[in-house]
Amino acid sequence: YPGGTRRLPRFVDLGGDGTAARRESEQPLYAGYARSGPAGASPTFVPSGPRTAAEACGRRVFIALAICMDRECERPAFRDHPDCKRVLELKRQREQN
């Protein structure tokens, strides 16, 4: 969270069944980012999200996976991945026919 100190509560499952939770500590809003660099250095935040389109699509199967891969491979972050190159080539072939 740039320029602020707002924090979200973090909850922990106490019962093991997902029903009993309590506030354990606070977690920054930018928790989806991994901090890189040596201790004491200026923080550099690197996205810790999916590294490939297949990771972004998760556990989708068959048609849902094909639609998701088609969409995710259009994103610049995934466009150069070998799986996306194949998906984009197949998409171009479909559009030509």
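Provided above is the structure to which this section pertains.
These figures come from a predicted structure and were not determined experimentally.

Describing the overall build of the chain
Then comes step 1: What the chain contains, in helices and strands, is three helices and four strands.
Then comes step 2: The order of helices and strands in the chain, counted from the N terminus, is β-β-β-β-α-α-α.
Then comes step 3: Looking at the chain as a whole, 12% of its 97 residues qualify as buried.
Then comes step 4: The long-range share in the chain, meaning contacts at least 24 apart out of those at least 6 apart in sequence, stands at 12%.

Some details on the state of the cysteines
Then comes step 1: With the rule as written, the count across this model stands at two disulfides.
Then comes step 2: The connectivity of the disulfide bonds within the chain can be written as 1-2, 3-4, using the sequence rank of each bonded cysteine.

Concerning the side chain of Lys91
Then comes step 1: Tracing the chain through its elements places Lys91 in helix α3 (residues 82–96).
Then comes step 2: Look at Lys91 and you get buried, because its relative accessible area is 17%.
Then comes step 3: Apart from residues no more than four positions distant in its own chain, Lys91 is found in contact with Asp70 and Glu74.

Here we look at the pattern of salt bridges
Then comes step 1: According to the stated counting rule, one finds eight salt bridges in the structure shown.
Then comes step 2: In this structure, Arg71 and Glu72 form a salt bridge, with 3.6 Å as the shortest nitrogen-oxygen distance.
Then comes step 3: Take Arg71: its relative accessible area is 45%, and that puts it in the partly exposed class.
Then comes step 4: A salt bridge links Glu74 to Lys91; the shortest N-O distance between them is 2.8 Å. With Glu74 in the loop between α2 (62–72) and α3 and Lys91 in helix α3, this pair connects stretches of sequence that are 17 residues apart.
Then comes step 5: On the accessibility criterion, Glu74 (35% relative accessible area) is partly exposed.
Then comes step 6: Residues joined by salt bridges that share partners form a network here, namely Asp70, Glu74, Lys91 and Arg94.

Quick notes on unusual backbone geometry
Then comes step 1: Positive phi, close to 50 degrees, is recorded for Phe62, a residue that is not glycine.
Then comes step 2: Structurally, Phe62 is set in helix α2.

What counts as what
Residues numbered from 1 in each chain as written. Predicted model: local features only at pLDDT ≥ 70, side-chain atom pairs only at ≥ 80, totals over all residues. Heavy atoms only, no water. Helix = DSSP H or I, 4+ residues; strand = E, 2+ residues; numbered from the N terminus. Buried < 20%, exposed > 50% of the residue type's maximum accessible area, 1.4 Å probe, protein only. Contact = heavy atoms within 4.5 Å. Disulfide = S-S within 2.5 Å. Salt bridge = Lys/Arg side-chain N within 4 Å of Asp/Glu carboxyl O.

Nothing here speaks to function; it is all geometry.
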